[in-house]
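Examination of the molecular architecture
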Amino acid sequence: GYGNPELRPEDAWLNDIGLSFARPVGKQWRLNAKLDGFCNLLKDKIISAPSELDPYQWLPYNIGRVRSLGVDAVAGFDWHQDDWHAALNARYSWQSAVDTTPDSETLGNPVPYIAKHTVVLDAKIAWKELELHPVWMMRAGRSDAYGELPAWNTLDLRLGKRFSLGKGGALSVWVTAKNLFYCRYELVTGYPMPGRSFLGGIEYKF
């Protein structure tokens, strides 16, 4: 009961144009920015959705034609001072993916689960071999067959320490708190994502 033997491979015409900028400011700062725009035309785009017979069983299927328009904008900086290092990158993405299949019942509808707005703030603060790395993400403007899905945001926080062992060897110890503020959200209706969780690890490089 799994899979779709009638599934066809995707075909796509991808168009992208962009500008990038990077410049040092004095000895401590470096600025960067990037702007990209794209227009993608897809045929037989593959997505997955709950099957009609069993909502807990997902099956892939084709959308005849899809037009995807979007913009990606990134801006950030790096800063160094003695044993200190800080960096911040902010990213915003806007995407409109629409079903353009002629004579389709879903003609003009947005493609399910694709976020129209995505914002990511990625920062790093380091002192010597100690590093703090927070990442905040927000997604909004998603929909499925039942209608528009709620927007959600999460904050992940990673703290790590690196120990140099000589002869190129290094030992790293880290702990990560994911979804720190316990945001309750669903990527797909009826499938809640995990709440707050903690991960830890030890890495050895030689």
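Residues numbered from 1 in each chain as written. Predicted model: local features only at pLDDT ≥ 70, side-chain atom pairs only at ≥ 80, totals over all residues. Heavy atoms only, no water.

Notes on the sheet that holds strand β10 (residues 169-178)
What counts, and what does not: Pairing between strands is defined by DSSP: at least two bridges between them are needed. Comment: elements are numbered from the N terminus, with helices defined as DSSP H or I runs of at least four residues and strands as E runs of at least two. To obtain each axis, a line is fitted to C-alpha atoms, and for helices this fit is confined to the stretch in contact; angles are then taken between N-to-C directions over 0 to 180 degrees.
Across the sheet, 9 strands lie side by side as β1-β2-β3-β4-β5-β6-β9-β10-β13; this open sheet has antiparallel pairing. Of all the strands in the sheet, just β1 (11-25) and β13 (197-205) have a single pairing partner and so form its edges. If you compare each strand with its neighbour and ignore which way they point, the axes differ by 15 degrees on average. In terms of strand pairing, β10 meets β13 through 9 bridges, oriented antiparallel. Paired with Val173 across the strands is Ile202, a residue of β13.

A word on the packing of aromatic side chains
Aromatic ring pairs: the centre-centre distance and the angle between the two ring planes describe each pair. Stated precisely, the cut-off is as follows: Think of it this way: a Phe, Tyr or Trp ring, Trp meaning its six-membered ring, pairs with another when their centres are within 6.5 Å, and the plane angle makes it stacked under 30 degrees, edge-to-face over 60, tilted otherwise. Summary of the burial criterion: residues with accessible area below 20% of their type's maximum are buried, those above 50% are exposed, and those between are partly exposed, where the area comes from a 1.4 Å probe applied to protein chains only.
For the structure shown, the criterion picks out 7 aromatic pairs. Centroid distance Trp84 to Trp127: 6.3 Å. Interplanar angle 45 degrees. Geometry classified as tilted. On the criterion of sequence distance, the pair formed by Trp84 in strand β4 (residues 84-99) and Trp127 in strand β5 (residues 117-127) is long-range, its members being 43 residues apart. By relative accessible area, Trp84 is classed as partly exposed at 42%. Relative to Tyr185, the ring of Trp152 has its centre 4.2 Å away and its plane inclined at 20 degrees; by these criteria the two rings are stacked. Here Trp152 is found in strand β9 (residues 152-166), whereas its partner Tyr185 is found in the loop between β10 and β11 (186-188), with 33 residues between them in sequence.

Describing the side chain of Ser68
Defined as follows: The definition of a polar contact used here is a pair of N or O atoms within 3.5 Å, where within protein one atom must be able to donate a hydrogen and the other to accept one, and adjacent residues in sequence count solely through side-chain atom pairs. We call two residues contacting when some pair of their heavy atoms lies within 4.5 Å.
Along the chain, Ser68 falls in strand β3 (residues 58-81). In terms of polar contacts, Ser68 uses its side chain to reach the side chain of Gln95, at 2.8 Å. Setting aside residues up to four positions removed in sequence, Ser68 forms contacts with Phe38, Cys39, Asn40, Leu42, Gln95, Ser96 and Ala97.

Remarks on unusual backbone geometry
Of note, the phi angle at Asp44 is positive, near 60 degrees, even though the residue is not glycine. By the element assignment, Asp44 lies in strand β2 (residues 29-50). For Asn179, which is not a glycine, the phi torsion comes out positive at approximately 50 degrees.

Topic: the nonpolar core
One recurring pattern in soluble globular proteins: nonpolar side chains tend to sit buried together. The test is simple: In this description, a nonpolar core means a group of buried Ala, Val, Leu, Ile, Met, Phe, Trp, Tyr and Cys residues linked to one another through side-chain atoms lying within 4.5 Å.
By size, the foremost hydrophobic cluster in this structure holds 6 residues: Leu42, Ile47, Ile63, Val66, Ala97 and Val111. Elements supplying a minimum of two residues to this core: β2 and β3. Once residues lying within four places of it in the same chain are set aside, the contact partners of Val111 are Lys45, Ile47, Ile63, Val66, Ala97, Val98 and Asp99.

Digging into the environment of Leu69
Inspection of the secondary structure puts Leu69 in strand β3. By relative accessible area, which is 30% here, Leu69 ends up partly exposed. Residues Leu69 and Gly37, 32 residues apart in the sequence, show an inter-C-alpha distance of 7.8 Å.

Quick look at the pairing of β10
Strand direction decides the pairing type here: β9 and β10, joined by 9 bridges, are antiparallel. Residue pairing across strands places Arg162 opposite Ser172, the latter belonging to β10. The hairpin turn running from β9 into β10, its antiparallel successor, is 2 residues long, and Lys167 in that turn takes a positive phi close to 55 degrees.

Focus on the pattern of salt bridges
Quick reminder of the rule: Note on definitions: salt bridges are taken to be side-chain nitrogens of Lys or Arg within 4 Å of carboxyl oxygens of Asp or Glu.
Under the criterion given, the structure shown has 5 salt bridges. Note that Asp72 and Arg91 form a salt bridge whose closest N and O atoms lie 3.8 Å from each other. On the criterion of sequence distance, the pair formed by Asp72 in strand β3 and Arg91 in strand β4 is long-range, its members being 19 residues apart. Ionic pairing is found between Lys178 and Asp156, a salt bridge with its closest N-O pair at 3.5 Å. Of this pair, Lys178 sits in strand β10 while Asp156 sits in strand β9; the two residues are 22 residues apart in sequence, bridging distant segments of the chain. For Asp156, a relative accessible area of 22% translates into the label partly exposed.

Section: a nonpolar patch on the surface
Keep this limit in mind: The residues that make up patches have over 30% relative accessible area and no salt bridge, and they are joined within 9 Å when like-charged or within 5 Å when they are Val, Leu, Ile, Met, Phe, Trp or Tyr. For the area figures, the Shrake-Rupley method with a 1.4 Å probe applies, and any residue is considered shielded solely by the protein chains shown.
The grouping of Trp84, Ile125, Trp127, Leu130, Leu132, Leu159 and Val175 at the surface amounts to a nonpolar patch, some 600 Å² of accessible area in total. Secondary structure elements with two or more residues in the nonpolar patch: β5 and β6 (130-140). Assignment of secondary structure puts Leu159 in strand β9.

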